[in-house]
Amino acid sequence: MLYHVRMDVLIPTDMDTDKVNELKATEKALSQKLQEQGKWRHIWRIAGQYSNFSIFDVESNEELHDIMMSLPLYPYMKVEVTPLLRHPSSVRSDDS
């Protein structure tokens, strides 16, 4: 199942810099692992914002939920999830 996910990161400005850097490094490693596994198919930065648009390819709503909850920055995110379905007018035969 494909999902379009917008993640807006809202880290408190008074959070310890070392803690923020640790969270970011751990998040990056996990996101790259999920990309290598094919679960986090695409990630795009939104210019001028600490936000991204991502495409996830997972087996279920529950799997996506578990992934999102495992992200170290999740407690500081506003997340919007949109399930995606193949459009009947699409000429593509895959989910790329």
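Residues numbered from 1 in each chain as written. Predicted model: local features only at pLDDT ≥ 70, side-chain atom pairs only at ≥ 80, totals over all residues. Heavy atoms only, no water.

Naming follows an unreviewed UniProt entry, where the protein chain appears as Muconolactone Delta-isomerase of Psychrobacter nivimaris. Its UniProt record, at the heading Subunit (unreviewed entry), says of the protein chain: "Homodecamer." (UniProt positions renumbered as here; feature names shortened; annotations may be inferred.)

K.L.:
Could you give an account of helix α2 (residues 61-70), with specific residues and numbers?
P.N.:
Within the sequence span of α2, burial applies to Glu63, Leu64, Ile67 and Met68. All buried residues of α2 fall inside an arc of 135° around its axis, so they share one side. In α2, those exposed residues whose orientation departs by more than 90 degrees from the buried face are Asn61 and Glu62. Against β1 (2-9), α1 (17-36), β3 (51-57) and β4 (77-84) lie the buried residues of α2. (Buried < 20%, exposed > 50% of the residue type's maximum accessible area, 1.4 Å probe, protein only. Helix = DSSP H or I, 4+ residues; strand = E, 2+ residues; numbered from the N terminus. Arc of directions from axis to C-beta. Contact = heavy atoms within 4.5 Å.)

K.L.:
How would you summarise the sheet that holds strand β2 (residues 40-45) if you had to cite specific residues and measurements?
P.N.:
Strands sit in the order β2-β3-β1-β4 across an open sheet of four strands; the sheet is antiparallel. Pairing within the sheet leaves two strands with one partner each, and these edge strands are β2 and β4. Between one strand axis and the next, the sheet turns by 15° as a mean value, whatever way the strands run. With eight bridges connecting them, β1 and β4 associate as antiparallel partners. Along β4, the bridge assignment pairs His4 with Thr82. Together, β1, β3 and β4 form the strand contacts of α2, whose direction differs from that of β1 by roughly 20°. (Pairing = 2+ DSSP bridges. Axes fitted to C-alpha atoms, helices over the stretch in contact; angles between N-to-C directions.)

K.L.:
Help me get a handle on the pattern of salt bridges, residues and values and all.
P.N.:
All chains considered together, the criterion is met by four salt bridges. For Glu80, the salt bridge is made with Lys78, and the minimal N-O distance between the two is 3.7 Å. Residue classification places Glu80 among the partly exposed positions, given a relative accessible area of 41%. Given a relative accessible area of 44%, Lys78 falls into the partly exposed group. (Salt bridge = Lys/Arg side-chain N within 4 Å of Asp/Glu carboxyl O.)

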